[in-house]
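Analysis of the macromolecular model
Here is how the chains run, residue by residue.
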Amino acid sequence: MRLSALILCLFLPFAALAQSVDQPNGTIAIEDNASADAAIATRIRDILGELEGYEDISVTVSSGIVTLRGTTLDTATAVRLSELVGRVEGVVAIENEVFETTDVARRLNPAVDRFKARAVQLVAFLPLALIALGVFVLIVFAGFFIARLRQPWDRLSPNAFIADIYRQILRLLFVIGGLVVALDIVGATALLSGILGAAGIVGLAIGFAVRDTVENFIASIMLSIRQPFRPNDTVEINGDTGKVIRLTSRATILLSFDGNHIRIPNATVFKSRIVNFSRNAERRFTFALCVASDTDLDAARQLALQTLNDLPFVLDSPEVSVWVESVDDFWITLMMAAWIDQNETSIVLARSEAIRLTQAALDGADMAAPVPSYRIENLPEILKAPAETSTKSEQTRPPAPAPVQDVEATADKELEKIVDQERAELARRDLLNMNASEE
């Protein structure tokens, strides 16, 4: 008894769902016709016999009331059964007592049939799919073969980096073209729009996620096309100074004067202020020296000009210049400027020698700035003697300066050898080209 109640509770929702379907409309006849009921039952049985899924349905008709009993594979099939029977002429009402079957074998049979049908379709479709796959492979292979050729890509691009970009674009175009042709062969070109749409959304999301990487990649392309520096150029980028080793697809590598490698992302290089000290061979150095406040400034200026012009490493053109920079409490500051050929002369050593010799010339002409002195009133006589002795010793003329020292740019040349050696080891990764356009 309890088992029967449980089964009734389980199947009651399905029965209620079946009965909820709209009943037939129209006028009900007054006379009861047994032959009409038989004809209705026969017609419904014939219809159900032609349809799949209604093999286990029994039909009885009495006074135009159709009673349906049995099981179907699912509830939706039972609901459609009421809709179908309601369309038969003469049906007054429908008693739908059809439930969803719980027979495991019967529930699995349609799935097995569908699997078999799809397997047959796959076997029949396989030759066409293999042809489409072969065409796709041939098109992609042709694209990759053309992309591997050196010409015309090396001739069309300013450097190897741009040539590789051309090749990647060509490969992508051939892959898309092969995919379109393959889908057209199998009649599934509508699928391509969905694939491209999904790829576009995924590409947009990835672009936002790797925005810095994309920015760095674009900066690498721009720097490789319009190169602001050459190998072994001495440059200053974002506060870092050194000789250029190479330009890669991600960063610019410098060799500092301390022998250290400096790696700067190309996005930073592209947006930064770049000072190229090697673009022009002529380079100016400046320094300041002080003379006594009572010195003849014109004579001091001429002496400094003569001293700098006599230096063998100083260029005649542009000319040496000397000017008064400022007037201070105890001395007057002169500013000197001279030019050298930095390819042959070290600017650090040249500036050092110029300062040494110019200061020696000013000292020899008694024009050098004195040591700041202060006068103390009411100083005892016993304390004045050392001061006088010191004053006499300070009046002794300085010795003659040593001759001009070697200022050849040996350190720069040694660094250039290191740069050339590193470039020779990894030449393929370098994007700098001596024949590229200059900014």
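Reference entry: report on the structure contained in this document. (Residues numbered from 1 in each chain as written. Predicted model: local features only at pLDDT ≥ 70, side-chain atom pairs only at ≥ 80, totals over all residues. Heavy atoms only, no water.)

Now for the overall build of the chain. What the chain contains, in helices and strands, is 13 helices and 13 strands. Considering the chain as a whole, with its 439 residues, one finds that 31% of them fall into the buried category. In the chain, once contacts between residues fewer than 6 apart in sequence are set aside, the share between residues at least 24 apart is 69%. (Helix = DSSP H or I, 4+ residues; strand = E, 2+ residues; numbered from the N terminus. Buried < 20%, exposed > 50% of the residue type's maximum accessible area, 1.4 Å probe, protein only. Contact = heavy atoms within 4.5 Å.)

Residues F285, F287, L308, L311, F313 and M336 are the most contacted members of the largest nonpolar core, which totals 25 residues. At the level of secondary structure, the elements contributing two or more residues to this core comprise β10 (282-292), α10 (297-310), β12 (331-341) and α11 (347-364). In this structure, I40, I57, L68 and V91 belong to the second largest nonpolar core, which totals 17 residues. (Core = buried A, V, L, I, M, F, W, Y, C linked by side-chain atoms within 4.5 Å.)

A regular strand places its side chains on the two faces of the sheet in alternate fashion. For strand β5 (residues 234-237) and strand β6 (residues 240-247), the ladder comprises 4 bridges, and the chain directions are antiparallel. In the sheet register, E236 faces β6, and the bridge partner there is T241. As consecutive antiparallel partners, β5 and β6 are separated by 2 residues, and within that stretch N238 has a phi angle of approximately 55°, a positive value. The pairing of β5 with strand β9 (residues 274-276) spans 3 bridges and is antiparallel. The residue bridging V235 from the neighbouring strand is N276, located in β9. (Pairing = 2+ DSSP bridges.)

All right, on to the sheet that holds β10 then. Hydrogen bonds along the backbone pair up the strands of a sheet, which may run parallel or antiparallel. Read from one edge of the open sheet, 3 strands run β10-β12-β11, paired in antiparallel fashion. Sheet topology places β10 and β11 (321-327) at the edges, where each strand pairs with a single neighbour. Ignoring strand direction, the axes of neighbouring strands in this sheet form an average angle of 25°. Across 6 bridges, β11 lies against β12 in antiparallel orientation. Bridging across to β12, V322 finds its partner in M336. (Axes fitted to C-alpha atoms, helices over the stretch in contact; angles between N-to-C directions.)

A word on the sheet that holds strand β1 (residues 57-62). Across the sheet, which stays open at both edges, the 3 strands sit in the order β1-β2-β3 with mixed pairing between neighbours. One side of each edge strand has no neighbouring strand; the edge strands of this open sheet are β1 and β3 (93-100). In this sheet, neighbouring strand axes are inclined to one another by 10° on average, regardless of whether the strands run parallel or antiparallel. Alignment of strand β2 (residues 65-72) against β3, held across 8 bridges, turns out to be parallel. By the bridge assignment for β3, T72 is matched with E100. With respect to the sheet, helix α2 (residues 34-50) is in contact with β1 and β2, its orientation differing from that of β1 by roughly 160°. Sheet strands in contact with helix α3 (residues 75-85) are β1, β2 and β3, and its direction is about 165° off that of β3.

Next up on the list: α10. In an α-helix, one turn spans 3.6 residues; hence positions three or four apart end up facing the same way. The terminal C-alpha atoms of α10 lie 20 Å apart, and with 14 residues this matches the ideal 20 Å at 1.5 Å per residue to within 8%. Taken together, the buried positions of α10 are A300, A304, L305, T307 and L308. Along the axis of α10, the buried positions cluster into a sector of 165°, meaning they face one direction only. In this fold, the buried residues of α10 make contact with β10, β11, β12 and α11. (Expected span 1.5 Å × (residues − 1). Arc of directions from axis to C-beta.)

Structurally, the position occupied by N276 is in strand β9. Among the polar contacts made by the side chain of N276, one reaches the main-chain amide nitrogen of S278 at a distance of 2.9 Å. In this structure the side chain of N276 is engaged in a polar contact, spanning 3.2 Å, whose partner is the backbone nitrogen of R279. (Polar contact = N/O pair within 3.5 Å; in protein donor to acceptor, adjacent residues only side chain to side chain.)

Let us look at the side chain of T358. In this fold, T358 is placed in helix α11. We classify T358 as buried; its relative accessible area is 1%. Dropping the residues within four chain positions of it, T358 is found in contact with F287, L289, A304, T307, L308 and M336.

Taken together, the side chains of V214, F217, I218, M222 and F270 present a nonpolar region at the surface, about 430 Å² in accessible area. Of all the elements, helix α8 (residues 211-225) adds the most residues to the nonpolar patch, at 4 residues. By the element assignment, F217 lies in helix α8. (Patch = residues over 30% accessible without salt bridge, like charges linked within 9 Å, V, L, I, M, F, W, Y side chains within 5 Å. Areas by Shrake-Rupley, 256 points an atom, 1.4 Å probe, with all protein chains shown as cover. Salt bridge = Lys/Arg side-chain N within 4 Å of Asp/Glu carboxyl O.)

Here we come to the environment of G178. Examined against the element boundaries, G178 turns out to sit in helix α6 (residues 160-185). Counting along the chain gives 35 residues from G178 to G143, while the straight-line C-alpha distance between them is 9.5 Å. Apart from the residues within four sequence positions on either side, G178 is in contact with F136 and I139.

Now for α11. Between its terminal C-alpha atoms α11 stretches 26 Å, which fits the 26 Å expected from 18 residues at 1.5 Å a residue. Listing the buried residues of α11 in full gives I347, A350, E353, A354, L357, T358, A360 and L362. On its buried face, α11 sits against β10, α10 and β12.

This paragraph deals with the packing of α10 against α11. It is at 9 Å that the axes of α10 and α11 come closest, and there the two elements cross at 140°. Taken together, the axes of α10 and α11 are oblique relative to one another. Taken as a pair, α10 and α11 cross one another with a handedness that is right-handed. When α10 is examined against α11, the residues A300, L303, A304, T307 and L308 are found in contact with a partner set consisting of A354, L357, T358, A361 and L362. (Parallel < 35°, antiparallel > 145°, perpendicular 65-115°, else oblique. Left-handed = near helix turned anticlockwise from the far one by under 90°.)

With respect to the element layout, I165 can be found in helix α6. Considered as a pair, I165 and I221 are 56 residues apart in the sequence and their alpha carbons are 9.2 Å apart. With residues up to four places along the chain from it excluded, the contact list for I165 reads F217 and I221.

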